[in-house]
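Structural overview
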Amino acid sequence: MTSTHWHEIPFVRICVPFIAGILTQQVMENSMPLIAGLSFTIFLTLLNLINKTSVRRQQFRTGILLALMFTLGTFIRKSAEPSPEEIRQLASFDGIVSGVVRTTEKTDYGFKTNLTIITPSTHDRDIRVMAYIRDRSMNLLPCDTLVFQGGLRQFSSPANPYAFNAGKYYRRQGIHLRRYLDSTEMIASHPYLGGFHLLRKSAEIREEVKAIYKTYVHNDQSSAVLLAMTIGVVDGLDDSIYDAYAKSGAIHVLSISGLHVGIVSVLLFLLIGRVRSSDSMYKKVLRATVLLTGIWAFVFIAGLSPSITRAALMSSIYLTGTIIGRHVKGLNVLAFTAFVCLCINPLQINSLSFQFSYLALCGLLIFFNPMYRLIVTRSWLSKFLWGTIVMSVAAQMLLLPLLIHYFNQISLISVLSSLVAIPASYGILIGGILLLLLHFTFPVVADFVGHVIDIGISIVNNSIIIMSELPMSYLSDVYLPPIEVAILSGTIILIALRILTHRKQCTYAAMFGFAIFGLMHAQALMRTSSSEMLAIYPHEDKVAIDYISERHCFTTFSIDSMPTYRKKEVASFRNTSRARKSQLSLSSPVTPNNVHVLDLPGQGSDSRCYRVAVITDSEFALLNSDLLALQADWIILSSGLSFVMRRAAEDFCVQHRLQFHDLREHGSFYLTKHKNNYSNETQWQNISG
């Protein structure tokens, strides 16, 4: 295998600094990256003008190109954001507001809808709102218009250091405001009455396909999986099914992506043959036209989601290059499509779909061939099995740091689950297409095919569930801070460069990166091995308590009993402290007056017990003497207390210099033990913000 020269993949050189500019502008959120990029470009241009050496001038020209691409990335990212003043004006506007539906998702309470706001001051701006509509009777589709009374609000950042920051997440998706609506607050809902609209027509076709599938596939979870794998609708997936696919490492088959575009391409190849460079121009154009028509028809029916649109764009570029007789390099196509997509919408860089699809494809292009050549296979079955295994591993090579960072878990049986999930994807997608064709031609046969699909998907679901329940099927509670994720990502990229360029320097740099990663991780483990942390969460009319000491987690609750948003918060708190998975029951006696009293034993040289009292009684009426008799170091006021009771308890705590915290104020309460720099003693300190 020959090494790859960078002049063979020019779009990679262009795309990398462009993405760096977008990310830098996003992190700094001011004009400094743009000014720095322009200054560096001017500086290199001046050096190029005064230098007379041809080799050095070529180097400066390359530097100017990279600096220009970095500057372009910062400019496009900055121009995508509305000004803070515009956001504040809309947040304080209480008049009539109109919003055009961009995307909509059905939920248990109604709809979660992404709106583009239409007001006289925003007619030329794309200011988006996330509207939560408590009404399941509505039938919202893209391009519909909603009219409602103002009341838009900005997302508030949580004071808890471990809670999910919805404001930051949505701002990076280009959504700056939110609104909760019910049927009484909605003034009007107008369907789209314009001409042909691509997204609108796609949504209407998807609704018809959903109705057809549910007619023939009667099991709810089977039809939900069929809808997810064929047209990208995931509304009906049960949490248990979704978790099983996630734990087994097969979650990628449930989201429409390049894998499904590849399956459609393979089916079309089987029907009309591949487009070869040796074919006549007539055959090339005819086959390419049929292939592209089939691929883009599938993309259209599947809702034109960004992930499959990108995959279809890559296929189109590849086929066009084949027709005109040009050798097309996969990394060039990948970088070009990323550049085009980010020029259109730079906020896509924050989408998990964008990150995962491009990193998975990049991993396949870099690692698949070297890994596949490690074992020579003869029969078609062994080639298929080995190819599936290698494809699963190669696709996750570059994804591994992000999987740990976002989901805090690693599947150890992803290779095994891929041997079931990927072939099943072929069968389910073919079955879905066949079911649609038979519905319009032979409905009686379609009924039989629907029954077969129902049984087949049930078998696949049960197999995935069994795999996810195997001992050591996945590692949970895996936590890496951002700096460790960055180092691990850089090290894997160095390994990829070693494969591409065959340079030994990349090997040495990768070994150094792994050493730095190991040292930082070991240091973090040593630092947390002697730490003590306490977290108290409001849960219905009770409280849940976590106490972590020397990486052992003592708890008063089962995480399965918590709501989904709280589970993530609890997991993040435990992962930050590197708490071991084994947990012991923590005694938390309840007094007759509904006060949870928790004694935290001292550790090491600190033998003092710390007492925490959590008041949960909504009719709290303890006497002052009762509170003082508790001798608590911290008094926690539950969110269930009335305002009068909370104010009385607050006044009492202030009067007697007792430390207290109100769970209604921040949602959860966190304490950590730090060493006092003056007295050299360890003390509990509030870290809730």
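About the cut-offs
Per chain, residue numbering runs from 1 following the sequence as it is written. Reporting of local features is limited, given that this is a predicted model, to residues whose pLDDT is at least 70; pairs of side-chain atoms are given and counted only at 80 or more, and all residues count toward the totals for whole chains, interfaces and linings. The side-chain numbers reported here are obtained from all heavy atoms of the structure, hydrogens and water having been left aside. Helix and strand assignments follow DSSP, with helices taken as H or I runs no shorter than four residues and strands as E runs no shorter than two, numbered in order from the N terminus. Burial classification: accessible surface area is computed with a 1.4 Å probe over protein chains only, and a residue below 20% of its type maximum counts as buried, one above 50% as exposed, and the rest as partly exposed. Contacts: residue pairs with any heavy atoms within 4.5 Å of one another. Shrake-Rupley sampling with a 1.4 Å probe provides the accessible areas, and residues are treated as covered by the protein chains on show and by no other component. Here the nonpolar core consists of buried residues drawn from Ala, Val, Leu, Ile, Met, Phe, Trp, Tyr and Cys, with membership extended through side-chain atoms lying within 4.5 Å. Interaxial angle, 0 to 180 degrees, is taken between N-to-C directions of lines fitted to C-alpha atoms, where a helix line uses only the stretch in contact. If an angle is under 35 degrees, it is roughly parallel; if it is over 145, roughly antiparallel; if it lies from 65 to 115, roughly perpendicular; otherwise it is oblique. Here, a salt bridge means any side-chain nitrogen of Lys or Arg that lies within 4 Å of a carboxyl oxygen of Asp or Glu. Charged residues are defined narrowly, with Lys and Arg counted positive, Asp and Glu counted negative, and His plus the chain ends left uncounted. Between any two strands, at least two bridges found by DSSP are needed for them to pair. Only Phe, Tyr and Trp rings take part, Trp by its six-membered ring, and two of them pair if their centres are within 6.5 Å. Stacked means planes under 30 degrees apart, edge-to-face means over 60, and tilted covers everything else. The residues that make up patches have over 30% relative accessible area and no salt bridge, and they are joined within 9 Å when like-charged or within 5 Å when they are Val, Leu, Ile, Met, Phe, Trp or Tyr. For every residue, the predictor states its confidence as a pLDDT score lying anywhere from 0 to 100. By convention, the point assigned to a charge is CZ for Arg, NZ for Lys, CD for Glu and CG for Asp. It is the rotation of the near helix from the far one that decides the hand of a crossing: anticlockwise by less than a right angle makes it left-handed, clockwise makes it right-handed. In this count, Pro and Cys sit with the nonpolar residues alongside Ala, Val, Leu, Ile, Met, Phe, Trp and Tyr, while Asp, Glu, Lys and Arg are called charged and the others, Gly among them, polar.

**With respect to the overall build of the protein chain**
Within the protein chain, the regular secondary structure consists of 23 helices and 19 strands. Counting the 689 residues in the protein chain, one finds 44% classified as buried. The long-range share in the protein chain, meaning contacts at least 24 apart out of those at least 6 apart in sequence, stands at 64%. As presented, the protein chain carries roughly 35,500 Å² of accessible surface, and 61% of it is formed by carbon and sulfur atoms.

**Considering the nonpolar core**
Soluble globular proteins: nonpolar side chains tend toward being buried together. Of all hydrophobic cores here, the largest spans 36 residues; its most connected members are Phe 18, Phe 354, Tyr 358, Ile 366 and Phe 367. Mapped onto this core, the elements with two or more residues apiece are helix 1 (10-28), helix 3 (54-79), helix 12 (330-344), helix 13 (352-372) and helix 18 (482-501). The element best represented in this core is helix 12, accounting for eight residues. Those residues within four positions of Ile 366 in sequence are excluded, and the remaining contacts are Leu 331, Ala 496, Ile 499 and Leu 500. With 32 residues, the next largest nonpolar core counts Tyr 216, Val 233, Val 253 and Ala 424 among its residues.

**Some thoughts on the packing of helix 7 (residues 220-230) against helix 17 (residues 443-468)**
Contact geometry of helix 7 with helix 17 gives a least axis separation of 9 Å together with a crossing angle of 90 degrees. By the angle between their axes, helix 7 is roughly perpendicular relative to helix 17. Counted together, Gln 221, Ser 222, Val 225 and Leu 226 of helix 7 and Ile 453, Asp 454, Ile 457, Ser 458 and Asn 461 of helix 17 form the full contact between these two elements.

**Considerations on the pattern of salt bridges**
Using the criterion set out here, one finds four salt bridges in the structure. In this structure, Asp 144 engages Arg 200 in a salt bridge whose closest nitrogen and oxygen atoms are separated by 2.4 Å. With Asp 144 in the loop between strand 3 (128-134) and strand 4 (145-149) and Arg 200 in helix 6 (residues 198-216), this pair connects stretches of sequence that are 56 residues apart. The two residues Asp 144 and Arg 200 agree in class, both being buried. Across the pair Lys 210 and Glu 207 runs a salt bridge whose closest N-O atoms are separated by 3.8 Å. Within this pair, Lys 210 and its partner Glu 207 are both found in helix 6, separated by three residues, close to a single helical turn. Look at the salt bridges and you will find they share partners, linking Asp 144, Arg 200, Lys 201 and Glu 204 into a network.

**A short note on the side chain of Asp 454**
Of note, Asp 454 is situated in helix 17. For the buried Asp 454, no salt bridge is present, and the opposite-charge side chain at shortest range is Lys 214, 13 Å distant. Discounting chain neighbours no more than four positions away, the residues touching Asp 454 are Val 217, His 218, Asn 219 and Ser 222.

**What about the sheet that holds strand 4?**
Strand order across the open sheet formed by seven strands is 5-6-3-2-1-4-7, with mixed pairing between neighbours. Looking at which strands have only one partner, the edges of the open sheet turn out to be strand 5 (153-154) and strand 7 (186-190). As paired strands, strand 4 and strand 7 are joined by four bridges and run antiparallel to one another. By the bridge assignment, Val 147 is partnered in strand 7 with Ala 188.

**Observations regarding the environment of Ser 92**
By the element assignment, Ser 92 lies in the loop between helix 4 (84-91) and strand 1 (96-106). Each C-alpha atom, one on Ser 92 and one on Gly 150, is 8.3 Å from the other, the two residues being 58 residues apart in sequence.

**What about the packing of aromatic side chains?**
Tallying each qualifying case throughout the model produces five aromatic pairs. Look at Tyr 169 and Tyr 170: their rings are 5.2 Å apart centre to centre, the planes differ by 75 degrees, and that puts the pair in the edge-to-face class.

**Re a nonpolar patch on the surface**
Taken together, Val 27, Met 28, Met 32 and Ile 35 make up a surface patch of nonpolar side chains, about 400 Å² in accessible area. Counting residues per element, the ones that place at least two in the nonpolar patch are helix 1 and helix 2 (32-50). Relative to the helices and strands, Met 32 resides in helix 2. For Met 32, a relative accessible area of 48% gives the class partly exposed.

**Description of the confidence of the model for the protein chain**
Scored by pLDDT, the protein chain has a mean of 77; 81% of the residues are at 70 or more. Predicted confidence for residues 675-681 stays below pLDDT 50, and this span has six contacts to residues more than four positions away or in other chains.

**Here we look at a negative patch on the surface**
A contiguous patch of negative charge on the surface is contributed by Asp 108, Asp 238, Asp 239 and Asp 243. Note that Asp 238 resides in the loop between helix 7 and helix 8 (239-248). Of the residues examined, Asp 238 reaches a relative accessible area of 34% and is grouped as partly exposed.

**Notes on helix 15 (residues 400-407)**
Three or more residues of helix 15 are buried, namely Pro 401, Leu 402, Leu 403 and Ile 404. Among the structural elements, helix 13, helix 14 (380-397), strand 8 (410-411) and helix 18 are those in contact with the buried residues of helix 15. Where helix 15 terminates, the next one or two residues include Asn 408, which has phi positive at roughly 55 degrees.

**Concerning the pairing of strand 4**
As judged from the five bridges shared by strand 1 and strand 4, these two strands associate in the antiparallel manner. Paired with Gly 99 across the strands is Leu 146, a residue of strand 4.

**Digging into the packing of helix 9 (residues 258-272) against helix 10 (residues 281-301)**
Describing two packed helices takes the angle between their axes plus the distance from one axis to the other. Helix 10 packs onto helix 9 with a crossing angle of 145 degrees between their chain directions and a minimal axis gap of 10 Å. Crossing handedness for the pair helix 9 and helix 10: right-handed. Only Arg 287, Val 290, Leu 291, Gly 294, Ile 295 and Phe 298 of helix 10 make contact with helix 9, whose side of the interface consists of His 260, Val 261, Val 264, Ser 265, Leu 268, Phe 269 and Ile 272. Among the residues making up the contact of helix 9 with helix 10, the classes are represented as nine nonpolar, three polar and one charged.

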